[in-house]
Amino acid sequence: MTKLRVAVLVSGRGSNLGALLDACANPDFPAGVVLVCANRDAPALQHARRSGVAHVVFRRQAYPSREARDLAMAGALAATQVELIVCAGYDAILSPVFVDQFAGRIINVHPSLLPAFAGSMDAPARALAAGVSETGCTVHLVTNDVDAGPVLAQQRVAVLPGDTAEALHRRIRDAEHKLLPAVVRGLAERRLVPSR
Ligand code: GRF
């Protein structure tokens, strides 16, 4: 089986990267992570080290502009013949030049049922503040409109009495850890990412 070549972009703790790497450790899983890119020395990089996956940090300060940084990252991804790019807790907005180069091949995981609570990673706290009875997570295609690309899959998560933003986000992450590998599997099996 030729596995789909996946790169993961991270900024934070990397639990979604860990879940995806665990899925990829199954010989039957049709995708493999070939490169992890971070925009800082993120704890997430520990998961790449543990799995022996190549990883690179593209610090914004090392480049004259955000676009220059993203072009350098695009070069590394192209050189690694990456077929799918997964944003998993990546907290920088990708430049249009980057998104256009990989159009239809970038996905993102977001901790809400988009379009609700788009635009920031504190979506669980916003859901709690809004008093909704359920929220969840979404895997969607990345376009130049932040958190507004076509939805590929969603999972609902109930808001429980007495929830804190942290407890709610923990349960949303648990759902993400199943949803993201399932979406990657689905895309790999079709050998195709839906176009915009
Ligand atoms: C996730 O909740 C994801 O939806 C959001 O950022 C969080 C990343 O968590 N974009 P982790 O770094 O994968 O643990």
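Refer to the structure printed above.
J.: Explain the site of the ligand to me, please; I cannot follow it from the model alone.
T.: The local shell around the ligand consists of Arg 13, Gly 14, Ser 15, Asn 16, Gly 89, Val 109, His 110, Pro 111, Met 121, His 169, Arg 173 and Glu 176. Within the side chain of Arg 173, a nitrogen or oxygen atom sits 3.0 Å from an oxygen atom of the ligand. Protein chains shield 96% of the accessible area of the ligand, which is 360 Å² for the free molecule. The cavity where the ligand resides is the largest pocket. Secondary structure elements with two or more residues in the shell around the ligand: α1 (15-24), β5 (106-110) and α6 (165-190). Broken down by element, the residue count for the shell around the ligand peaks at 3 residues, all from α6.

J.: Even after reading the chapter, I still don't get the nonpolar core, so can you show me in this structure?
T.: In a soluble, globular protein the nonpolar side chains are often hidden away together inside. Ranked by internal contacts, the top residues of the largest apolar core, which has 39 residues, are Val 6, Val 8, Leu 20, Val 86, Ile 107 and Val 184. Of all the elements, α6 adds the most residues to this core, at 9 residues. Not counting chain neighbours up to four residues away, the residues in contact with Val 8 comprise Leu 17, Leu 20, Val 33, Leu 35, Val 36, Cys 37, Val 86 and Ala 88. The next biggest cluster of nonpolar side chains, apart from the first, holds 20 residues, and it includes Met 73, Tyr 90, Leu 94 and Phe 102.

J.: How should the layout of surface pockets be read in this particular structure?
T.: Over the atoms, a rolled probe matching the size of one water molecule traces out where space is still vacant. By volume, the largest pocket amounts to about 660 Å³. Together, 33 residues line the largest pocket, and Tyr 90, Asp 91, Asn 108, Val 109 and Met 121 are the ones closest to its centre. Secondary structure elements with two or more residues in the lining of the largest pocket: α1, α4 (96-101), β5 and α6. The class makeup of the residues in the lining of the largest pocket is 13 nonpolar, 13 polar and 7 charged.

Rules of the game
- Residues numbered from 1 in each chain as written.
- Predicted model: local features only at pLDDT ≥ 70, side-chain atom pairs only at ≥ 80, totals over all residues.
- Heavy atoms only, no water.
- Near = heavy atom within 4 Å.
- Polar contact = N/O pair within 3.5 Å; in protein donor to acceptor, adjacent residues only side chain to side chain.
- Areas by Shrake-Rupley, 256 points an atom, 1.4 Å probe, with all protein chains shown as cover.
- 1 Å grid on protein atoms, 1.4 Å probe; cavity = no way out; pocket = protein on both sides within 12 Å on 5 of 7 lines; lining within 4 Å.
- Sits in = over half its atoms within 2 Å of the grid points.
- Helix = DSSP H or I, 4+ residues; strand = E, 2+ residues; numbered from the N terminus.
- Core = buried A, V, L, I, M, F, W, Y, C linked by side-chain atoms within 4.5 Å.
- Buried < 20%, exposed > 50% of the residue type's maximum accessible area, 1.4 Å probe, protein only.
- Contact = heavy atoms within 4.5 Å.
- Points joined across faces, edges and corners; volume = space filled by probe spheres on them.
- Nonpolar A, V, L, I, M, F, W, Y, C, P; charged D, E, K, R; others polar.

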